Structures are given as structure tokens and as C-alpha cells.
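# Structural overview
Below are the chains, spelled out letter by letter.
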Amino acid sequence: MSTVAAQAPTFDCRADFADELAELARADERIVAVCNDSVGSSNLVKFREEFPDRLINVGIAEQDLVGVSAGLANAGFIPFTSAAAPFLTGRALEQIKADIAYSYRHVVLCGQSPGMAYGELGPTHHSIEDLSWMRAIPGLEIIVPADPAQTRSAVRWSAASGRPTYLRVPRFKVPAVTPHDAPFEAGRAVRLAEGTDITLIAVGTMVSRALDAAETLGREGVSARVLNMTFVEPLDVDAVVSAARETRAIVTAEEGLLSGGLGAAVAKVVSEQHPVAMRMLGVPAFAPTGSTSFLLDHFGLTAAGIADAARAVLGRS
């Protein structure tokens, strides 16, 4: 069994999101939370208790959720707009495009429980399209933190950035993988392991699994670099080009649709600047109903699946 998954404790990053947001709100009266009847699932109960006048609940009306947030931003507030990722991005896509990105409002769109974190609630609650949809909108930063430390950093960065931002807030428990001195900068990946044979580029829940895959490959004599591509937009183009030049192949892993997400972003850079063999791991179609762990296993989004893709692209399978 792999080291990261087997030995490290795991965390629900929503707690870190809520704690960091409250800490920032104590220091900055401009910070408000806006939600769609999702106070509990967004872990905002304590925020509401401490700042009852700074939590706006619009009810189950996601278009209003985003429109109200844009208005608050226009009035000088910094809204953290929190809702289940499938409903925030699916129902309010037009408002995200027009009211937030096109109008360039400093709103932090917080997609709670993204990917397949809702598990048994099925395809209507899976948010596998969000990275593709959000990447299609110009001017929107996209952040996918890998663990509690990055979640906190993402909240702080988003509050200070002045930019429209989409932040995935993980629900499925993950281990801590970020070094204490790791940078958190827009368009900069975090290199978590060195390697010369292949590069594994992952986001969110897949980062710890990529590290485990690299460990497995290392025991087989394959040197695997691991990049945590925290910002899907703007992408760290230099890190991708370096990976293409310095290793023989690239594998991407994401808890989202294969079309238009991380893999597509990396493939565009690779094809244009330094073509190299690639494999993209993700969700190819609507997922069946089942637990999150089952679904990740079903689509090969595991350490073993990542290692298999690496072997295949290197011709070692």
C-alpha cells in the first residue's frame, strides 16, 4: 500500500476553508459570505454566528447568488460565493460569464464538494464539468487546492487578488502534501518530486495519488517528477514545457471531464511548444452512482491507475 494514502491522516478541506475565511473576516470588514441555502454544507455555521450581518443567504437561486455577489463586489465588498460546485457552475454559468468575468468583479466563487465528492447522490450532483466550463470563460482564475494548507492559502490569495476567481473546495478527504515553504502564486506549479523519465501532473484529490504512483514507479526504476498544478488558469506554462523537454512523457490526472480540463490545457501547451507522449486520466462520461472511493477506482483515478498510465506511455506495460 502506498505511503501517502496508507500512513498519513486525511482532512476535509471545507473546515480549513471556513476557518481561514472567518480569520480574514475578523481583520477585513469587506469580506462577506454569500450562499444558496448551503450554510451547513459550506461549513459556514460558525461564520454566520460570528458575523450574522455578513452572511447573505439567497436561497436555492444560483443565478441570484452570483448576481447579488457581483453587486456586493461593485459596492466594495469581497464576496466569497459558496455553493455546491455542480449548481454554482451549471445553473449560474451565464451570470458567472457576464456579471463576474466580463465585468471583472472581485468575486471568489467557491465550488463546494467538487468532482465526484457527492458520491451516491449521482450524476446530477457530480461536478465533473466545472473545470471545462470555467476554463472556457476568459479572465477567470481557477484554483484547485490539494490539501488543507493550499486551501487556506487559496482563500488568502483570493481575498487579496482583486481578480474574479473560481476556487474548488475539496470535500473528499485528502492527506497533507504541501511542503511548508511551498510558494502559492498564480500560474506557478509546485514540484513535489523530482524525476527524469516521466512527469505526473495532477490537481486536487489526484495529487497525493500521483505522489504514491511516483513512489511505486521509483521502486521499478522509473524516475517520476510530480507537479501539483494548483492553478489550472493561469497554467504554469514554463513548468509544462520543462517537463516536456526534460522527461520522456507526461501523464495528467484530474477528478473531472477529460474534455477541456487540466489535461486539455497541458496538451495544448505540449502540442504547440514541445510535443511529447501524453496520457490524460479523468472522467470520460457521466459517472455511475456509488461512493466517491468507488467512482475514483472505477475510472482508474488511483495511484495504481496513474502508475499504469505512466508504464503504458513509456512502453513498459
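So, a few notes on the structure that sits alongside this text. (Residues numbered from 1 in each chain as written. Predicted model: local features only at pLDDT ≥ 70, side-chain atom pairs only at ≥ 80, totals over all residues. Heavy atoms only, no water.)

Right, let's talk about the pairing of strand E11 (residues 224-228) for a bit. Of all five residues making up E11, five are buried, and the element is well covered by its neighbours. Across the two faces of E11 the burial is the same, with Ala-224, Val-226 and Asn-228 and Arg-225 and Leu-227 all buried. Looking at chain direction, strand E9 (residues 190-193) and E11 are connected through three bridges and run antiparallel. Counted as the bridge partner of Arg-191 is Leu-227 from E11. Both strand E10 (residues 198-202) and E11 contribute to a ladder of five bridges, which runs parallel. Counted as the bridge partner of Ile-198 is Ala-224 from E11. (Buried < 20%, exposed > 50% of the residue type's maximum accessible area, 1.4 Å probe, protein only. Helix = DSSP H or I, 4+ residues; strand = E, 2+ residues; numbered from the N terminus. Pairing = 2+ DSSP bridges.)

Below, the discussion takes up the sheet that holds strand E2 (residues 31-35). Strand order across the open sheet formed by seven strands is E3-E2-E4-E5-E7-E6-E12, with mixed pairing between neighbours. Of all the strands in the sheet, the pair left with one neighbour each is strand E3 (55-57) and strand E12 (231-233). Between one strand axis and the next, the sheet turns through 20° on average, direction left out of account. Relative to the sheet, helix H4 (residues 62-74) contacts E2, E3, strand E4 (78-84) and strand E5 (108-112), its axis offset from that of E4 by approximately 170°. (Axes fitted to C-alpha atoms, helices over the stretch in contact; angles between N-to-C directions. Contact = heavy atoms within 4.5 Å.)

Right, let's talk about the packing of aromatic side chains for a bit. A complete count under the given rule lists three aromatic pairs for this structure. An angle of 75° between the planes, with centres 5.1 Å apart, marks the rings of Trp-157 and Phe-231 as edge-to-face. You can see Trp-157 sitting in helix H8 (residues 148-161) and its partner Phe-231 sitting in strand E12, a full 74 residues away along the chain. The exposure class of Trp-157 is buried, given its relative accessible area of 16%. Among the residues examined, Phe-231 registers a relative accessible area of 2% and is labelled buried. (Phe/Tyr/Trp six-rings, centres within 6.5 Å; stacked < 30°, edge-to-face > 60°.)

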